[in-house]
Amino acid sequence: MCIRDRLSGQNCNVWWIVSYIGKIFYNVKYAGLGLLKSVGLTTQLVRLSILTEKGIPNPQYFATVLFLIFVFYLFYKFYKSKNRVFIFITAGLLIYGYTIISLRVHENHLFPFISIFSLVFFLHPILKRMFIVLSGVYFFNVFLFYGLGEKSGVFFPRHLFYIDSTVILAVINVLFFVYVCYYFIKHWNDLELISYKKEF
């Protein structure tokens, strides 16, 4: 499969959930499988070309517009902020937003967020919460697909809960992203950072 012709590159984000739902729809409508059996199948990469061939608009345009809105909003909030430490928070949020909103994102693309937030996670409880949760998301995202290495033979059973565990992780990831967005929209202006309250 062409790298550019896919919704998600094994990243547990909103497009991985769309891939899962799309596969269920395809299996029930075209492959003759029952709904219950389709729900329990392993999620696979979905080609963009399949969607467009079925007359579904290319989601790339929607994802691009949504991410640009996200980017401009963060840049605006950073410009208005009085604390230059917010450059790290803004950069981390941009990376996190990219991994959730954009198409063709791979599981390793969240790693720069962890690197950046390792410098500032101790400054506020929400930053610590994000660092811990998303470190866990990154670990399980990689572990669910690659285990401890393809040659190790140690893999997590993806159907331990019947539904593919990668889909469960994707739902957790997306819901946490919604929570993070809500928190920063509501509290950005009054966020107090420990030991760095003065501008520098």
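Look a little higher up for the structure.
An account of the accompanying structure is given in this report. Throughout this document, residue positions are counted from 1 along each chain, in the order its sequence is written. Totals for whole chains, interfaces and linings use every residue, but because this is a predicted model, local features are given only for residues with pLDDT of at least 70 and side-chain atom pairs only at 80 or more, for both listing and counting. Excluding hydrogens and water, the side-chain figures rest on all heavy atoms present in the structure.

### Things to note about the layout of surface pockets
Site definitions follow a grid-based scheme: protein atoms alone, a 1 Å grid, a 1.4 Å probe that fits but cannot get out for cavities, and for pockets an open set with protein on both sides within 12 Å along at least five of seven lines, plus lining residues having an atom within 4 Å of a point. Grid points are joined across faces, edges and corners, and a volume is the space filled by probe spheres set on the points. In this structure, the largest pocket occupies an estimated 400 Å³ of space. As for the largest pocket, its lining consists of 16 residues, of which Gly22, Val46, Ile50, Leu51 and Ile56 are closest to the centre. The helix and strand labels rest on DSSP assignments: H or I over at least four residues marks a helix, E over at least two residues marks a strand, and numbering proceeds from the N terminus. Of all elements in the fold, only helix 1 (14-29) and helix 3 (48-53) reach the threshold of two or more residues within the lining of the largest pocket. No other element matches helix 1, which puts 7 residues into the lining of the largest pocket. Residue classes in the lining of the largest pocket are distributed as 12 nonpolar, 2 polar and 2 charged. As a working rule, the residues Ala, Val, Leu, Ile, Met, Phe, Trp, Tyr, Cys and Pro are called nonpolar, Asp, Glu, Lys and Arg charged, and the rest polar, with Gly in that last group.

### With respect to the nonpolar core
Where a protein is soluble and globular, its nonpolar side chains tend to be buried together. Only buried Ala, Val, Leu, Ile, Met, Phe, Trp, Tyr and Cys residues count toward a nonpolar core, and they belong to the same one when joined by side-chain atoms within 4.5 Å. Each residue is placed in one exposure class: buried if its accessible area under a 1.4 Å probe, protein chains only, is under 20% of its type's maximum, exposed if it is over 50%, and partly exposed if it falls in between. Of all hydrophobic cores here, the largest spans 47 residues; its most connected members are Ile89, Tyr96, Phe113, Leu127, Met130 and Phe184. In this view, methionine 130 contacts Leu93, Phe113, Phe117, Ser135, Phe176, Val180 and Phe184; residues no more than four positions away in its chain are not counted. Residues Leu48, Leu51, Ala63 and Leu103 belong to the second largest nonpolar core, which totals 7 residues. Contacts: residue pairs with any heavy atoms within 4.5 Å of one another.

### Some thoughts on the side chain of threonine 99
Its location among the elements puts threonine 99 in helix 5 (residues 86-101). Exposure remark for threonine 99: the relative accessible area of 2% places this residue in the buried category. Look past the residues within four positions of threonine 99 in its chain and what remains in contact with it is Asn11, Asn13, Val105, His109 and Leu110.

### Some thoughts on the packing of helix 1 against helix 8 (residues 165-187)
Interaxial distance between helix 1 and helix 8 falls to 8 Å at its minimum, and their mutual angle equals 135 degrees. Put simply, helix 1 runs oblique to helix 8. Helix 8 is crossed by helix 1, and the crossing has left-handed handedness. Where helix 1 approaches helix 8, its residues Val14, Trp16, Ile17 and Tyr20 are matched on the opposing element by Thr166, Val167, Ala170, Val171 and Val174. All axes are obtained by fitting lines to C-alpha atoms, using only the stretch in contact for helices, and the reported angles, taken between N-to-C directions, cover 0 to 180 degrees. For this classification, under 35 degrees means roughly parallel, over 145 means roughly antiparallel, 65 to 115 means roughly perpendicular, and everything else is oblique. Should the near helix be turned counterclockwise from the far one by less than a right angle, the crossing is left-handed, whereas a clockwise turn marks it as right-handed.

### A look at unusual backbone geometry
Positive phi outside glycine occurs at glutamine 10, with the angle close to 65 degrees. Here glutamine 10 shows up in the segment before helix 1. Phi is positive for arginine 104, which is not a glycine, with a value near 60 degrees. Structurally, the position occupied by arginine 104 is in the loop between helix 5 and helix 6 (111-117). The partly exposed category is assigned to arginine 104, whose relative accessible area is 23%.

### Some thoughts on the packing of helix 5 against helix 8
Packing of helix 5 against helix 8 leaves a shortest axis separation of 11 Å and a crossing angle of 145 degrees. For helix 5 against helix 8, the interelement crossing comes out left-handed. On the side of helix 5, the interface is formed by Ile89, Leu93, Tyr96, Gly97, Ile100 and Ile101, while helix 8 contributes Asn173, Val174, Phe176, Phe177, Val180 and Phe184. Split into classes, the residues belonging to the contact of helix 5 with helix 8 amount to 10 nonpolar, 2 polar and no charged.

### Remarks on a nonpolar patch on the surface
A surface patch of nonpolar side chains, amounting to about 380 Å² of accessible area, comprises Leu160, Phe161, Ile168 and Ile172. We classify isoleucine 168 as partly exposed; its relative accessible area is 32%. Any residue with relative accessible area above 30% and no salt bridge may belong to a patch, with like charges joined within 9 Å and the nonpolar Val, Leu, Ile, Met, Phe, Trp and Tyr side chains within 5 Å. We get accessible surface area from the Shrake-Rupley algorithm with a probe of 1.4 Å; when it comes to residues, only the shown protein chains can shield them. Salt bridges are identified by distance alone: a Lys or Arg side-chain nitrogen within 4 Å of an Asp or Glu carboxyl oxygen.

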